[in-house]
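Coordinate inspection notes
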Amino acid sequence: TIVTSVTGMGKTSTIANMILGMIRLPPHRKILWGVWEDEPEINLESLAAIYLEYSRTDLLVGNFDDEQLAAIKRVATGISSWITFFDIPFGREIGKKASNERNLDVVHQHVADSGCDVFVADVWNRCLVDRSPEGEENAIIRTQAMARETRVHIIAAHQQRFKDVEKRDDFRPTREGTKGAGAILEVADYAFGIHRPDFFKPMPRQKLEIHALKRRRGAGPWAVEFDFDADRGIISGGKTIPHDAGPSRKHGKKAADEFGDEST
């Protein structure tokens with residue numbers, strides 16, 4: 001599964017809510033989280049804050065009393081029994097030349113050894129040395145093979161091209177706007193684009209949209225709009241909305257027509 005958006009749109013908050021759901025609801029899933037954009041401790045504290053519905057701004061500036069800090073520590077300890085964080089120095093071994101294959105070998109070993117049900121790579125291409133179209137294509141094919149061999153579901157965070165978004169009237173994520181090789185979405189089974197309308201223009205209420213850009217199994221395309229508390233990282237509610245994102249609105253409408261009723 002690919003989760004994609006431009007930076008700051010709510011990609012990591014969405015993944016955090018997904019992880020909390022997977023460890024809280026049966027069947028409880030064991031998570032291996034490759035945190036390659038931030039420190040694992042920060043992500044663990046953020047998960048605890050979301051669970052407790054605390055302000056993440058207060059968490060960052062240390063604006064909590066002793067009771068709240070104790071609650072965060074208690075919840076973080078409970079969460080850590082379900083999550084293993086994975087932070088490795090790709091390509092730093094003395095005398096070894098870094099490569100996509102070598103880095104993915106390390107990832108594969110961690111996934112296999114952890115006994116996890118779900119592996120989250122945030123952001124996936126940070127483990128790549130060769131980011132050429134051919135290099136990325138081979139890497140995503142290897143990642144898919146890794147998922148099948150280990151029987152682990154892989155969720156890979158990936159970015160949209162911000163310059164591409166700025167050139168369009170419609171700022172919502174698209175398949176074509178995904179960074180890197182086109183094979184990244186071609187190989188993946190599912191791809192979800194994250195969009196916050198208030199990121200680009202003032203709105204009275206914060207919303208977060210999740211667009212199904214690809215589903216190998218099931219009807220599509222579709223999109224769901226949620227209420228989003230950006231400060232607390234809480235995603236709630238949810239209602240179907242028209243999916244009309246694409247390089248042009250005609251493209252999105254054509255795709256929707258092929259699948260029939262967008263609300264299905």
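Residues numbered from 1 in each chain as written. Predicted model: local features only at pLDDT ≥ 70, side-chain atom pairs only at ≥ 80, totals over all residues. Heavy atoms only, no water.

1. Section: the overall build of the chain
For the chain, the helix and strand inventory stands at nine helices and nine strands. Every one of the 264 residues in the chain was classed for burial, and the buried ones make up 49%. A separation threshold of at least 6 residues defines the contact pool for the chain, and within that pool the share at least 24 residues apart is 64%. (Helix = DSSP H or I, 4+ residues; strand = E, 2+ residues; numbered from the N terminus. Buried < 20%, exposed > 50% of the residue type's maximum accessible area, 1.4 Å probe, protein only. Contact = heavy atoms within 4.5 Å.)

2. Describing the packing of helix H2 (residues 40–52) against helix H4 (residues 66–80)
Look at H2 against H4: their axes get within 9 Å of each other, and the N-to-C directions meet at 110 degrees. One element, H2, and the other, H4, form an angle in the roughly perpendicular class. Along this stretch, H2 crosses H4, giving a crossing that reads as right-handed. Two secondary-structure elements touch here, H2 through Leu 44, Leu 47, Ala 48, Tyr 51 and Leu 52 and H4 through Ala 71, Ile 72, Val 75, Ala 76, Ile 79 and Ser 80. Per-class residue counts for the contact of H2 with H4 are ten nonpolar, one polar and no charged. (Axes fitted to C-alpha atoms, helices over the stretch in contact; angles between N-to-C directions. Parallel < 35°, antiparallel > 145°, perpendicular 65-115°, else oblique. Left-handed = near helix turned anticlockwise from the far one by under 90°. Nonpolar A, V, L, I, M, F, W, Y, C, P; charged D, E, K, R; others polar.)

3. Observations regarding helix H6 (residues 133–150)
With 18 residues, H6 should reach 26 Å at 1.5 Å per residue; the first-to-last C-alpha distance of 26 Å fits that figure. When H6 is considered as a whole, its buried residues turn out to be Gly 135, Glu 136, Ala 139, Ile 140, Arg 142, Thr 143, Gln 144, Met 146, Ala 147 and Thr 150. Tucked into the core, H6 has its buried residues touching helix H5 (100–114), strand S5 (153–159) and helix H8 (183–187). Just past H6, the residue Arg 151 takes up positive phi, approximately 60 degrees. (Expected span 1.5 Å × (residues − 1).)

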